[in-house]
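Here is how the chains run, residue by residue.
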Amino acid sequence: MRIAVTGKQGQVVQAMVEQASSLGVELTTVGRPEMDLTDEASVSRALVAAKPDVIVSAAAYTAVDKAESEPELAFAVNAVGVGAVARAAAQIGVPLLHLSTDYVFDGSKAASYIEDDATGPLSVYGASKLEGERQVADATDNHAILRTAWVYSANGANFLKTMLRLAESRDEVGVVADQFGRPTSAHDIADALIRIALRLKSDPDQRLRGIFHLAAEGEASWADFAREIFNGLEQRTGKLVTVRPISTSDYPTPAKRPQNSRLSTDKLDATYGISLPHWQASTTAVLDRLIGQARKGETA
Ligand SMILES: NC(=O)C1=CN([C@@H]2O[C@H](COP(=O)(O)OP(=O)(O)OC[C@H]3O[C@@H](n4cnc5c(N)ncnc54)[C@H](OP(=O)(O)O)[C@@H]3O)[C@@H](O)[C@H]2O)C=CC1
Ligand SMILES: Cc1cn([C@H]2C[C@H](O)[C@@H](COP(=O)(O)OP(=O)(O)O[C@H]3O[C@@H](C)C(=O)[C@@H](O)[C@H]3O)O2)c(=O)[nH]c1=O
Ligand SMILES: [Mg+2]
């Protein structure tokens, strides 16, 4: 089976490239310069040429704060561009897996969000991703929209790598402790996407189509996540960095973020039998890759 995935250097794309061969699939990355999501003709040309059995839509405009001042570009990529990908999937006649985000929700719900909950994005990024979901659903029934959250990996730009960078110059970092979500490893997402793609290719059951939440087990605030990262850093290098818990209002940003963006993943588990590892286990795995194994017996 051949999967065409949009994007080249993205966290999820890179993780899929690493995992594809061991899961027995051929992977083609389709991205810039030959395919730009803001150029519809390049999208259908490149995807048709890739001759995929399944398309994974993983490319996106992901700069959450910058999107507030570049809404046209965010919508051109995440909504119009994704619509072009979905129309190409319909034209080629193959299933489409599309990645979306927890930021489609407003974060006011007390419990975890399920797929049918009302959306209400607080940011331009979230609104553009929600419009992308709509474009996918309009273009093809043969789709699975996977909403994931707080993605980190050994590659690309993410919160875990930002914390490791800050640790080089600081002994203490203030991190918001009143936004809750599920930090999710791109390596785990890639693994799940490939398994979902294999299923969609071979099984026309409509229950496998629609919206699903795909996130790690467990939950954390950004401060919890940072603490876990710094604990792992200390175990591996002896360097001690403290998290100072702060509130959202202490860390003003251009984009508003949901206070609660915990995604319930029960539907994916019940439908596909797929669930991801706990976020702490996967954080350990990424730290192992980036800075090596923890030193045995070393304590705080
Ligand atoms: N990062 C996160 O925390 C979360 C991400 N998601 C979603 O998951 C998906 C994957 O995210 P992630 O891997 O982190 O993304 P990254 O930010 O790591 O990578 C973005 C990818 O999109 C590509 N891209 C951006 N603009 C264009 C364009 N105009 N034309 C073609 N390609 C473009 C980039 O291209 P290039 O290869 O040229 O750099 C890159 O490959 C996205 O849909 C995102 O919205 C959902 C929840 C959380
Ligand atoms: C760097 C830093 C951030 N923060 C806060 C700001 C924010 O509330 C939170 C996370 O900041 P970031 O900018 O790293 O993360 P952010 O860009 O909001 O991450 C989001 O990206 C998009 C693409 C998604 O789809 C979401 O699921 C989510 O992962 O941490 C601190 O409190 N202290 C710090 O030193
Ligand atoms: Mg960011």
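Residues numbered from 1 in each chain as written. Chains lettered and ligands numbered in written order. Predicted model: local features only at pLDDT ≥ 70, side-chain atom pairs only at ≥ 80, totals over all residues. Heavy atoms only, no water.

## A few points about the pairing of strand β3 (residues 54-57)
Burial along β3 is two-sided: the residues Val 54 and Val 56 and Ile 55 and Ser 57 are all buried. Pairing of strand β1 (residues 2-6) with β3, which is carried by 3 bridges, proceeds in the parallel orientation. Paired with Ala 4 across the strands is Ile 55, a residue of β3. (Buried < 20%, exposed > 50% of the residue type's maximum accessible area, 1.4 Å probe, protein only. Helix = DSSP H or I, 4+ residues; strand = E, 2+ residues; numbered from the N terminus. Pairing = 2+ DSSP bridges.)

## Quick notes on the site of ligand 2
By nearness alone, 21 residues border ligand 2, and Thr 101, Asp 102, Tyr 103, Tyr 125 and Arg 257 come closest of all. A distance of 2.9 Å separates a nitrogen atom of ligand 2 from a polar atom in the backbone of Gly 174. Interatomic distance of 2.9 Å between a side-chain N/O atom of Gln 179 and an oxygen atom of ligand 2. For the shell around ligand 2, the secondary-structure elements that each account for two or more residues are α6 (159-167) and β7 (172-176). In terms of residue class, the shell around ligand 2 is built from 14 nonpolar, 5 polar and 2 charged. (Near = heavy atom within 4 Å. Polar contact = N/O pair within 3.5 Å; in protein donor to acceptor, adjacent residues only side chain to side chain. Nonpolar A, V, L, I, M, F, W, Y, C, P; charged D, E, K, R; others polar.)

## Details of helix α10 (residues 279-291)
In this model α10 runs 18 Å from its N-terminal to its C-terminal C-alpha over 13 residues, within 8% of the 18 Å that 1.5 Å per residue would give. All of the buried residues in α10 are Trp 279, Ser 282, Thr 283, Val 286 and Leu 287. Along the axis of α10, the buried positions cluster into a sector of 140°, meaning they face one direction only. Looking one or two residues past α10, Gly 292 carries a phi angle of roughly 90°, positive in sign. (Expected span 1.5 Å × (residues − 1). Arc of directions from axis to C-beta.)

## Some remarks on the nonpolar core
In terms of nonpolar packing, the biggest core is built from 62 residues, with Met 163, Val 175, Ile 229 and Phe 230 touching the most fellow members. A per-element tally of this core places helix α4 (residues 71-92) first, with 8 residues. When residues no more than four places from it in sequence are discounted, the contact partners of Phe 230 are Met 163, Ala 167, Val 173, Val 241 and Val 243. Counting residues in hydrophobic clusters, the runner-up holds 30 residues, among them Val 56, Leu 97, Ala 186 and Ile 274. (Core = buried A, V, L, I, M, F, W, Y, C linked by side-chain atoms within 4.5 Å. Contact = heavy atoms within 4.5 Å.)

## Comments concerning unusual backbone geometry
A cis amide bond links Arg 32 with the next residue in sequence, Pro 33, at an omega value of 5°. In this fold, Pro 33 is placed in the loop between β2 (26-30) and α2 (40-49). A positive phi angle is found at Trp 150, which is not glycine, with a value near 50°. Turning to its location among the elements, Trp 150 is positioned in the loop between β5 (143-148) and β6 (151-152).

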